[in-house]
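Coordinate analysis (summary)
Chain residues, written in single-letter form:
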Amino acid sequence: MLKDITLGQYFPMDSVVHRMDARFKIIITMLYLVMLFLGQRIYCLLAGLLFTVTVTVCSKIPAKMILKSIKPIVPILMVTGLLNLLLLDGGDVLWQWKFLRITTEGIQTSVFMVVRICLLIAGTSLLTYTTSPITLTDAIEHLLSPLKKLKMPVHELAMMMTIALRFIPTLIEETDKIMAAQKARGADMESGNLLQRAHALVPILIPLFVSAFRRAEELALAMECRCYHGGEGRTRLRIMQSGARDYIALSLMLLLFAAVILLNTLM
């Protein structure tokens with residue numbers, strides 16, 4: 001299951017989405033998230049599905065990678081979907097047993113919530129799939145640059161966010177190695193009740209925390225040895241430049257966003 005978590009991974013390819021300005025990609029992703037949360041009609045889901053499929057095709061990212069990003073949250077989706085299905089009131093009652101009931105509103109809410117979360121994970125995963133960590137850091141810092149007037153450490157915030165995102169695959173790989181090592185020593189992590197399974201995770205969490213702190217210390221030492229002093233006086237190898245494709249993509253996203261909000265208001 002740990003190997004299925006692809007959050008924070010970058011897949012270098014030659015596609016239109018990969019060549020887009022990272023600043024525009026972040027803005028488009030934010031509009032996409034707002035659209036998913038504000039829309040309360042089926043049109044919102046269809047628009048989100050259209051966006052996800054279009055970006056996936058244009059980015060040349062295999063569809064199995066998108067499905068792989070959703071796979072780890074399937075148990076959570078099943079539990080929350082089942083709770084919404086059985087505990088929500090409203091609409092016509094289709095089945096009832098004591099305090100449990102299945103209603104038309106419960107089915108609609110459950111399906112809408114599950115599909116919305118799947119689209120949210122798939123759409124946001126495409127941002128990290130198509131943007132390198134360094135480019136993502138520069139884009140976040142540029143978008144947050146107006147906050148520098150408020151004496152906020154914009155560069156440090158962007159760097160921390162990107163480093164945290166970048167180290168997710170590393171920590172997942174480290175966790176998988178620790179689990180394999182503990183199982184080879186005879187550790188049983190799959191039998192027993194919930195409390196026993198939680199107790200069996202202690203031999204995994206302690207080495208993982210030690211490894212994470214060691215990696216953080218090594219990274220800090222490496223940055224200090226390279227005379228890293230934050231964003232002050234820092235230059236960049238690649239200067240971000242926007243092009244016609246960036247403005248076209250943003251315009252199409254704004255039209256889709258406006259159409260969803262308009263349909264949600266009128267219907």
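What comes next is a walk through the structure. Predicted model, so just to flag it, every value in this text is computed and none were measured. (Residues numbered from 1 in each chain as written. Predicted model: local features only at pLDDT ≥ 70, side-chain atom pairs only at ≥ 80, totals over all residues. Heavy atoms only, no water.)

Section: the packing of helix α3 (residues 42–59) against helix α6 (residues 104–129)
The geometry of α3 relative to α6 is characterised by a closest axis approach of 10 Å and an angle of 30° between their N-to-C directions. The angle between α3 and α6 falls in the class roughly parallel. For α3 against α6, the interelement crossing comes out left-handed. Between α3, through Ile 42, Leu 45, Gly 48, Leu 49, Thr 52, Val 55, Thr 56 and Ser 59, and α6, the contact on the second element is made entirely by Phe 112, Val 115, Arg 116, Leu 119, Ala 122, Gly 123 and Leu 126. Of the residues that constitute the contact of α3 with α6, the class distribution is 9 nonpolar, 5 polar and 1 charged. (Axes fitted to C-alpha atoms, helices over the stretch in contact; angles between N-to-C directions. Helix = DSSP H or I, 4+ residues; strand = E, 2+ residues; numbered from the N terminus. Parallel < 35°, antiparallel > 145°, perpendicular 65-115°, else oblique. Left-handed = near helix turned anticlockwise from the far one by under 90°. Contact = heavy atoms within 4.5 Å. Nonpolar A, V, L, I, M, F, W, Y, C, P; charged D, E, K, R; others polar.)

Section: unusual backbone geometry
One non-glycine residue, Lys 60, lies in the positive phi region at around 65°. With respect to the element layout, Lys 60 can be found in the loop between α3 and α4 (63–70). Under the relative-accessibility criterion, Lys 60 is labelled exposed at 53%. (Buried < 20%, exposed > 50% of the residue type's maximum accessible area, 1.4 Å probe, protein only.)

Some points on the nonpolar core
As a rule of thumb, nonpolar side chains are buried together in soluble globular proteins. Residues Tyr 32, Met 35 and Met 253 are the most contacted members of the largest nonpolar core, which totals 30 residues. Those elements that place two or more of their residues in this core are α2 (22–38), α3, α4, α6 and α11 (244–266). Beyond its immediate stretch of four places on either side in the chain, Met 253 contacts Ile 28, Leu 31, Tyr 32, Met 35 and Phe 51. Formed by 7 residues, the second largest nonpolar core is a distinct cluster that contains Ala 22, Ile 26, Leu 136 and Ala 158. (Core = buried A, V, L, I, M, F, W, Y, C linked by side-chain atoms within 4.5 Å.)

Digging into the pairing of strand β2 (residues 100–103)
Judged from the 4 bridges that link them, strand β1 (residues 93–97) and β2 form a sheet pairing that is antiparallel. Residue pairing across strands places Trp 95 opposite Ile 102, the latter belonging to β2. (Pairing = 2+ DSSP bridges.)

Some words on the environment of Leu 254
The topology assignment puts Leu 254 in helix α11. Judged by relative accessible area, Leu 254 falls into the partly exposed class, the value being 43%. The sequence separation of Leu 254 and Leu 31 amounts to 223 residues, and the corresponding C-alpha distance is 7.8 Å.

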